[in-house]
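# Structural characterization, general
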Amino acid sequence: MTKPTTKTMKIAFQGEPGANSHIAITEAYPDAEALPCPTFEDALAAISSGEADLGMIPIENSVAGRVADIHHLLPQSGLFIVGEWFLPVHHQLMAPRGAKIADIKTVESHVHALGQCRRIIRKLGIKPIVAGDTAGSARIVAERGDKSCAAIASKLAAEIYGLDILAEDVEDESHNTTRFVVLAREAAWAKQGSGPLVTTFVFRVRNLPAALYKAMGGFATNGVNMTKLESYMVDGNFFATQFYADVDGHPDDKNLAFALEELKFFSREFRIVGVYPAHPFRATFSEQQD
């Protein structure tokens, strides 16, 4: 992963201290200062303005799917992906000091966290309440001091806000993992041949019959592995579809260069938003070859 040399760099994230994005920053850049921001847009603005050097933005979760609409945010922000980070997510059920599970009537957290902990919520028969983010819900529960109100957040959040953990690791699935991208103001392509790499790009196909099929053909014929392809509408236009894709390799690799050349021929817009090292976690979920 691309890492600036300064030890005083600031990394923006969406949420409050103790959020999973905060934890990802402490793991990936232990010497950096984490800068909490209310929204994803605020986090990206902090990077663009220079208030933060980098941003740690979650884009997908193995249980809940897409987390942030990075597809919409990236083109508008003009920022670039310079790295990625995978964080195994463990949720804790917490409440004010002295509370017991039998006391709990409601639990609040980010909508994705609540969705990842449905089993214990159903088992306890408590009412889920959607909050802005996990750490923020922990702070609010701590400030309220009502022992019938619980939050689902991280161990770090429980420590920061002085809450008791009533049940540990309450996520439904043990493989619960969130993927983050590291954003920067300037493009910083990883060096070709420096190890497993990921190239991320956005494109919009020309208005031709079977344009997407033809645009994708180059990846198959050149043996390029595409690990992500998502479509989304542009400006609410049902007929203007843009795509976001991740592929293995460097744009200067012969096979990927040929594939991208064919893609560009059938596309009216194309932009590479990052060429960065593949996180080692990717090796843990590689499919077995037939």
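My aim in this report is to walk through the structure given alongside it, one point at a time.

### With respect to helix H8 (residues 211-221)
- Regarding H8, the residues found buried are Ala211, Ala215, Met216, Gly218 and Phe219. Buried residues of H8, viewed axially, fall in a sector of 130 degrees; they line one side. Residues of H8 that are exposed and point more than 90 degrees away from the buried face comprise Tyr213, Ala220 and Thr221.
- The positive-phi residue at the C-terminal boundary of H8 is Gly223, with phi of around 65 degrees.

### A word on the pairing of strand E1 (residues 10-14)
- Along E1, four of the five residues are buried, which leaves the element largely enclosed by surrounding structure.
- Here E1 runs beside strand E2 (residues 33-37); their pairing, made up of five bridges, is parallel. Each bridged residue has a counterpart across the sheet, and for Ala12 the counterpart in E2 is Leu35.
- Traced from E1 through helix H1 (residues 20-28) to E2, the parallel crossover comes out right-handed.
- Relative to strand E3 (residues 54-61), E1 is paired through two bridges, and the arrangement is parallel. Bridge pairing links Ala12 to Gly55 in E3.

### Some thoughts on empty space enclosed by the protein
- In the structure shown here, the tally under the stated rule is one cavity of 30 Å³ or more.
- Here the largest cavity defines a volume of roughly 280 Å³.
- Lining the largest cavity are 18 residues, and of these Asn20, Pro58, Val67, His110 and Thr134 sit closest to its centre.
- For the lining of the largest cavity, the secondary-structure elements that each account for two or more residues are H1, E3, helix H4 (111-115) and strand E11 (177-184).

### Observations regarding the packing of aromatic side chains
- All chains considered together, the criterion is met by six aromatic pairs.
- Look at Phe86 and Phe281: their rings are 5.3 Å apart centre to centre, the planes differ by 20 degrees, and that puts the pair in the stacked class. Taken together, the positions of Phe86 in strand E5 (residues 80-88) and Phe281 in the segment after strand E15 (267-277) put the pair 195 residues apart, joining distant regions of the chain.
- Ring centres of Phe265 and Phe266 lie 5.0 Å apart, and the angle between their planes is 85 degrees; this geometry places the pair in the edge-to-face category.

### Here's the deal with H1
- Among the nine residues in H1, seven count as buried, and that is most of the element.
- Within the sequence span of H1, burial applies to Asn20, Ser21, His22, Ile23, Ala24, Ile25 and Ala28.

### Focus: the sheet that holds strand E10 (residues 164-167)
- A sheet is described by the order of its strands in space; here five strands give the open sequence E8-E7-E9-E6-E10, paired in mixed fashion. The two strands at the open ends of the sheet, each matched to only one other strand, are strand E8 (127-131) and E10. In this sheet, neighbouring strand axes are inclined to one another by 35 degrees on average, regardless of whether the strands run parallel or antiparallel.
- Pairing geometry for strand E7 (residues 106-110) and strand E9 (residues 149-153), over three bridges, is parallel. Looking at the pairing, Val107 lines up with Ala150 of E9.
- Each of strand E6 (92-95), E7, E8 and E9 touches helix H6 (residues 134-144); the most contacted strand, E9, lies at about 155 degrees to it.

Here is what the cut-offs are and how they apply
Residues numbered from 1 in each chain as written. Predicted model: local features only at pLDDT ≥ 70, side-chain atom pairs only at ≥ 80, totals over all residues. Heavy atoms only, no water. Buried < 20%, exposed > 50% of the residue type's maximum accessible area, 1.4 Å probe, protein only. Helix = DSSP H or I, 4+ residues; strand = E, 2+ residues; numbered from the N terminus. Arc of directions from axis to C-beta. Pairing = 2+ DSSP bridges. Right-handed = clockwise from strand over helix to strand, strands pointing away. 1 Å grid on protein atoms, 1.4 Å probe; cavity = no way out; pocket = protein on both sides within 12 Å on 5 of 7 lines; lining within 4 Å. Points joined across faces, edges and corners; volume = space filled by probe spheres on them. Phe/Tyr/Trp six-rings, centres within 6.5 Å; stacked < 30°, edge-to-face > 60°. Axes fitted to C-alpha atoms, helices over the stretch in contact; angles between N-to-C directions. Contact = heavy atoms within 4.5 Å.

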